[in-house]
Amino acid sequence: MTAINDTIICYDISHPRRLGRLFRYLKKHAIPMQHSVFLFTGDQRQLDRCLEQAARLIEPKEDDLRAYPLPARGLKVRLGRPVLPPGILWSGLPSPW
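Residues numbered from 1 in each chain as written. Predicted model: local features only at pLDDT ≥ 70, side-chain atom pairs only at ≥ 80, totals over all residues. Heavy atoms only, no water.

## Observations regarding the sheet that holds strand β2 (residues 31-34)
- Sheet architecture is open: four strands sit in the order β2-β3-β1-β4, paired in antiparallel fashion. The open sheet terminates on both sides in strands that have one partner only, identified here as β2 and β4 (64-69). Neighbour-to-neighbour, the strand axes of this sheet turn through a mean angle of 30 degrees, independent of strand direction.
- Pairing of strand β1 (residues 5-12) with strand β3 (residues 37-42), which is carried by six bridges, proceeds in the antiparallel orientation. The residue of β3 that forms the bridge with Ile 9 is Phe 38. (Pairing = 2+ DSSP bridges. Helix = DSSP H or I, 4+ residues; strand = E, 2+ residues; numbered from the N terminus. Axes fitted to C-alpha atoms, helices over the stretch in contact; angles between N-to-C directions.)

## Focus: the side chain of Asp 6
- Residue placement: Asp 6 occurs in strand β1.
- With relative accessibility at 10%, the residue Asp 6 sits in the buried group. (Buried < 20%, exposed > 50% of the residue type's maximum accessible area, 1.4 Å probe, protein only.)

## Some remarks on the environment of Ala 72
- Looking at the secondary structure, you find Ala 72 in the segment after β4.
- Among the residues examined, Ala 72 registers a relative accessible area of 76% and is labelled exposed.
- For the pair Ala 72 and Ile 4, spaced 68 residues apart in the sequence, the C-alpha separation amounts to 8.9 Å.

## Thoughts on the side chain of Thr 7
- Considering the arrangement of structural elements, one finds Thr 7 in strand β1.
- Classification of Thr 7 as buried rests on a relative accessible area of 3%.
- Excluding residues within four positions of it along the chain, Thr 7 makes contact with Phe 38, Leu 39, Phe 40, Leu 47, Ala 67, Tyr 68, Pro 69 and Leu 70. (Contact = heavy atoms within 4.5 Å.)

And the structure:
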């Protein structure tokens, strides 16, 4: 069984067109948490594939794309307004379906 991990993906993109392309791409593969911060949940192979494709959408000399793995165990707290709609809880666990 492949380990499922949570990873924070964030970016700083200097050109509006590239920014839009990257945002739309990541929105298909991760949960938007803030304007340029996404939560990716998947195994290492899926993360590598996501980041490889995202890297094709940026200009490395002008843009910044980063991925930070979250610890499998540890404190995960949210303060303030939730990102997800009321009644939707994010457990970080894989779906049983």
